[in-house]
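Report on the structure
Listed here are the chains, written in short residue letters.
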Amino acid sequence: MNSTAIPSVHLTRGTSAYRRATLALFCAGFATFALLYCVQPLLPLLAAHFAVSAASSSLALSLTTLSLALCLLVSGALAESWGRKPVMLAALGLACVFGVGSALVASWHWLLVLRALLGLALSGLPALAMAYVGEEFAPESLPAAMGLYIGGTALGGLLGRLLAGLLSDLGGWPLALGGIAGLGFIALGLFIWLLPASRHFKAQPLSLVGLLGNFAEHLRNRELRGLFLQAFLLMGGFVALFNYVGFRLAAPPFSLSSTAIGLLFSVYLVGIFSAGWAGRLVLRLGARRVMQGGIGIMLFGVALCAMPWLSAAVLGLAFFTLGFFAAHAVASGQVGQRAKGAKAQASALYLGAYYLGSSVVGYGAGYVWEHAGWLPLLAVLVALFLFAGWRARTL
């Protein structure tokens, strides 16, 4: 499509272009999180199959998020010169290929290598999607659009985990990983068809000095630094709880199957609701109040998970998920609004902190679980979220 065929206006709620763009971003978020987190309910199976510890089995996720976090800075920088849609398409396509490869290996080390490569490929998508929203959507439509994108990530996280648990009981972990990769290819096709071309992207010359200058400018911004810290703390604690709740519920007295553990991730449905809901509440209550409210709901969920009943654990995970996606939707939307320029790089820094928290806290929590147990692990998470709530006052 040539430039004269694209009107120089922002996407506004109620238009067909807005609906196509939000559905495309929903598909991108879905595929990203399905491919990324489908291993989470499989960690007990992987630990048993490859004879590794609980903390070591979490490397199947932690290495993916670590490579994603580190490479986000590069892909976000390249996208300032290469454009949004082409990089996102290539990223999602490669991630699907590595997802298929992960299902075909017989070695634990090769599985980790392919999962790390999958994270590297996915690094070209989340920051660019956030930057696309910040550039292409009208300011009054931006919170709702970001909420829908985050909702897509919630649905991807839900179905990726749920279907992985179901497929693993039918044909083992290889069928689970291969099936999720197949869903990723379907989402890729929809994304290519639906996403409108960028209208407001302005390419920057590829300059190392310029790129480092953009990163430095974002890090000098006090409000952005606060948002980056929130990403690290909230995502780190979120992944840590979901990494090891499967081990707790697979063991006596619960002794749940992989399918049952996967079904627990249906609590992500409340995340789809809360992400869009929080985006709308920001316009009425302000970012700080909505974020602190989300963190408070997360703490309530952790308290319920401390109780020795399955019903309390399920309810606690639901509240925990509701609060997390509300807080994350607010923080990610604020990054696009508060960055003065180079929005893809600002989003890359936010998501770099987000996935670094997933890797560091998610892996480190495994040692707390193995050496101290469930309640001390929850106590560590409470400390993280109390600090995050205190820091959110700066917004």
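Quick note: structure is the one above.
Chains are numbered independently. Their residues run from 1 in the order of the written sequence. Reporting of local features is limited, given that this is a predicted model, to residues whose pLDDT is at least 70; pairs of side-chain atoms are given and counted only at 80 or more, and all residues count toward the totals for whole chains, interfaces and linings. Excluded from the side-chain calculation are hydrogens and water; included are all heavy atoms of the structure.

What about the overall build of the protein?
- Put simply, DSSP H or I for four residues or longer makes a helix, DSSP E for two residues or longer makes a strand, and each gets a number counted from the N terminus. From N to C terminus, the protein includes 16 helices and zero strands.
- For the protein, the proportion of contacts with a sequence separation of at least 24, taken over those separated by at least 6, is 85%.
- For accessible areas, the Shrake-Rupley method is used with a probe of radius 1.4 Å. Any residue's cover is judged against the shown protein chains and nothing else. Here the protein displays about 14,600 Å² of accessible surface, and carbon together with sulfur accounts for 71% of that area. Here, two residues are considered to be in contact whenever any of their heavy atoms come within 4.5 Å of each other.

Regarding the packing of aromatic side chains
- For this analysis, a ring pair means two rings from Phe, Tyr or Trp (six-membered ring only for Trp) whose centres lie within 6.5 Å, classed as stacked if their planes differ by under 30 degrees, edge-to-face if by over 60, and tilted for the remaining angles. If you walk through the whole model with that rule in mind, you get 18 aromatic pairs.
- Only Lys NZ and Arg CZ are tested; either one counts as a charge over a ring when it is within 6 Å of the ring centre and within 35 degrees of the ring normal. Above the plane of the ring of Trp193 lies Arg20, whose end atom (NZ or CZ) is 5.6 Å from the centre.
- Against the face of Phe242 rests Arg161, its NZ or CZ located 6.0 Å from the ring centre.

Let's talk about the side chain of Thr32
- When you line up the elements, Thr32 lands in helix 1 (residues 16-37).
- Not counting chain neighbours up to four residues away, the residues in contact with Thr32 comprise Leu122, Leu125 and Pro126.

Points about the packing of helix 1 against helix 8 (residues 142-194)
- Axis definition: a line fitted to C-alpha atoms, limited for helices to the stretch in contact. Angles are taken between N-to-C directions and run from 0 to 180 degrees. One can describe the packing of helix 1 onto helix 8 by two numbers: an axis separation of 3 Å at closest approach and a directional angle of 30 degrees. Between helix 1 and helix 8, the crossing angle belongs to the class labelled roughly parallel. For the pair helix 1 and helix 8, the sense of crossing is right-handed.
- In the scheme used here, Gly and all other residues not listed as nonpolar or charged are polar, with Ala, Val, Leu, Ile, Met, Phe, Trp, Tyr, Cys and Pro taken as nonpolar and Asp, Glu, Lys and Arg as charged. Classifying every residue of the contact of helix 1 with helix 8 gives 28 nonpolar, nine polar and two charged. Here is the rule for angles: anything less than 35 degrees is roughly parallel, anything more than 145 is roughly antiparallel, 65 through 115 is roughly perpendicular, and the remaining ranges are oblique. Left-handed describes a crossing in which the near helix is turned anticlockwise from the far one by less than a right angle; the clockwise case is right-handed.

Regarding the nonpolar core
- By convention a nonpolar core is built from buried Ala, Val, Leu, Ile, Met, Phe, Trp, Tyr and Cys residues, the set being connected through side-chain atoms within 4.5 Å. Classification of residues uses two cut-offs on accessible area relative to the type maximum, computed with a 1.4 Å probe and protein chains only: under 20% is buried, over 50% is exposed, and between them is partly exposed. Within the largest apolar cluster, 137 residues are counted, with the highest numbers of intra-cluster contacts made by Tyr350 and Tyr355.
- It is helix 8 that provides the largest number of residues to this core, a total of 20 residues.
- If we ignore the near neighbours within four places in the chain, the residues touching Tyr355 are Phe33, Leu36, Tyr37, Thr65, Leu68, Ala69, Leu72, Pro126 and Met235.

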